[in-house]
Amino acid sequence: MASPLHRQVANMRKALFDQGFLDEQFVQLEELQDDVNPNFVEEVVTLFYKDSARTMLNIEAALEQRPLDFGKLDACMHTFKGSCSSIGARRMKSECSQFREFCGERNSEGCLKTYQLVKKEHETLRKKLGNYFQMSRQAGPIETACRPK
């Protein structure tokens, strides 16, 4: 039977999906987690945030250049969107798609506004996943019953 803490972790996880922060890719990452690598998902997400900080700095630098190089911005955001997809960051990936559409339209105002939304989603998900992983560690593994032989 799950402890109250395990139920709280399950509810947090469900909310991340219900609110559209995560998609099926996150579930696929979880399926790769096992006893040998019990923190696999957290490690992948930590690497994503470490790498994405550099990508976001590149995007910000490109957004400060005049005239805007929409090709460069699109290429940077394409890379970032792929990273978002790899961890199942659904809402962030959606904002990246919107940004790339604005690049295609050469809409600098749209790019600037959408990038602010990308940054906001990035930070919101970082906090939510940080809380989720912290609570998961506190709860510890769920004991599963073994089938009788």
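Residues numbered from 1 in each chain as written. Predicted model: local features only at pLDDT ≥ 70, side-chain atom pairs only at ≥ 80, totals over all residues. Heavy atoms only, no water.

- Named according to an unreviewed UniProt entry, the chain is Histidine-containing phosphotransfer protein originating from Aristolochia fimbriata.
- Under the UniProt heading Function (unreviewed entry), the entry covering the chain gives this text: "Functions as a two-component phosphorelay mediators between cytokinin sensor histidine kinases and response regulators (B-type ARRs). Plays an important role in propagating cytokinin signal transduction." (UniProt positions renumbered as here; feature names shortened; annotations may be inferred.)

### Let's talk about the nonpolar core
Within soluble globular proteins, side chains that are nonpolar tend to cluster in buried spots.
Consideration 1: Among the nonpolar cores identified, the biggest contains 38 residues, and Ile-59, Phe-80, Phe-99, Leu-125 and Leu-129 are the most heavily contacted of them.
Consideration 2: When contributions to this core are tallied by element, the ones reaching two or more residues are helix H1 (4-18), helix H2 (24-31), helix H3 (40-64), helix H4 (70-87), helix H5 (90-104) and helix H6 (108-139). (Core = buried A, V, L, I, M, F, W, Y, C linked by side-chain atoms within 4.5 Å. Buried < 20%, exposed > 50% of the residue type's maximum accessible area, 1.4 Å probe, protein only. Helix = DSSP H or I, 4+ residues; strand = E, 2+ residues; numbered from the N terminus.)

### What to know about the environment of Cys-84
Consideration 1: Checked against the element boundaries, Cys-84 lands in helix H4.
Consideration 2: Expressed as a C-alpha distance, the spacing of Cys-84 and Gln-25, which sit 59 residues apart in the sequence, is 9.9 Å.
Consideration 3: For Cys-84, the residues in contact, after removing those within four places along its chain, are Phe-48, Ala-89, Met-92, Lys-93 and Cys-96. (Contact = heavy atoms within 4.5 Å.)

### Points about H2
Consideration 1: Of all the residues in H2, the buried ones are Phe-26, Val-27 and Leu-29. Buried residues of H2, viewed axially, fall in a sector of 155°; they line one side.
Consideration 2: On its buried side, H2 packs onto H1, H3, H4 and H6. (Arc of directions from axis to C-beta.)

### Focus: the UniProt feature "modified residue: Phosphohistidine" (unreviewed entry) in the chain
Consideration 1: Taking the numbering used here, the UniProt-annotated feature "modified residue: Phosphohistidine" (unreviewed entry) corresponds to His-78.
Consideration 2: Here His-78 is to be found in helix H4.
Consideration 3: Owing to a relative accessible area of 46%, His-78 belongs among the partly exposed residues under this scheme.

### Thoughts on the UniProt feature "domain: HPt" (unreviewed entry) in the chain
Consideration 1: UniProt feature "domain: HPt" (unreviewed entry): in the numbering of this structure it lies at residues 37-132.
Consideration 2: Each end of residues 37-132 is marked by a C-alpha atom, and these two atoms are 18 Å apart; helix forms 86% of the span and strand 0%.

### Quick word on H3
Consideration 1: For H3, with 25 residues, the first-to-last C-alpha span of 36 Å sits near the 36 Å given by 1.5 Å per residue.
Consideration 2: The largest bend along H3 reaches roughly 25° and is located at Ser-52.
Consideration 3: For H3, the complete set of buried residues consists of Val-41, Glu-42, Val-44, Val-45, Phe-48, Tyr-49, Ser-52, Thr-55, Met-56, Ile-59, Ala-62 and Leu-63.
Consideration 4: In this structure, the buried residues of H3 make contact with H2, H4, H5 and H6. (Expected span 1.5 Å × (residues − 1). Bend = angle between axes of the 7 residues up to and from the residue.)

### Looking at the side chain of Thr-55
Consideration 1: Assignment of secondary structure puts Thr-55 in helix H3.
Consideration 2: Judged by its relative accessible area of 16%, Thr-55 falls in the buried class.

### A word on unusual backbone geometry
Residues apart from glycine generally show negative phi values, whereas peptide bonds are mostly found in trans.
Consideration 1: Between Arg-66 and the following residue, Pro-67, the backbone shows a cis peptide bond with an omega angle of -5°.
Consideration 2: Tracing the backbone through its elements, the reader meets Pro-67 in the loop between H3 and H4.
Consideration 3: In this structure, Arg-106 is a non-glycine residue whose phi angle is positive, near 55°.
Consideration 4: With respect to the secondary-structure elements, Arg-106 resides in the loop between H5 and H6.

### Things to note about the packing of aromatic side chains
Aromatic ring pairs: the centre-centre distance and the angle between the two ring planes describe each pair.
Consideration 1: One pass over the structure, following the stated rule, counts 5 aromatic pairs.
Consideration 2: Taking the centre distance of 4.8 Å and the plane angle of 85° together, the rings of Phe-48 and Tyr-49 count as edge-to-face. When sorted by exposure, Phe-48 lands in the same class as Tyr-49, which is buried.
Consideration 3: Ring centres 5.5 Å apart and planes at 55° place the aromatic pair Tyr-132 and Phe-133 in the tilted group.
Consideration 4: When the ring centre of Phe-21 is taken as origin, the NZ or CZ atom of Arg-91, which lies over that ring, is 3.9 Å away. (Phe/Tyr/Trp six-rings, centres within 6.5 Å; stacked < 30°, edge-to-face > 60°. Lys NZ or Arg CZ within 6 Å of the ring centre and 35° of its normal.)

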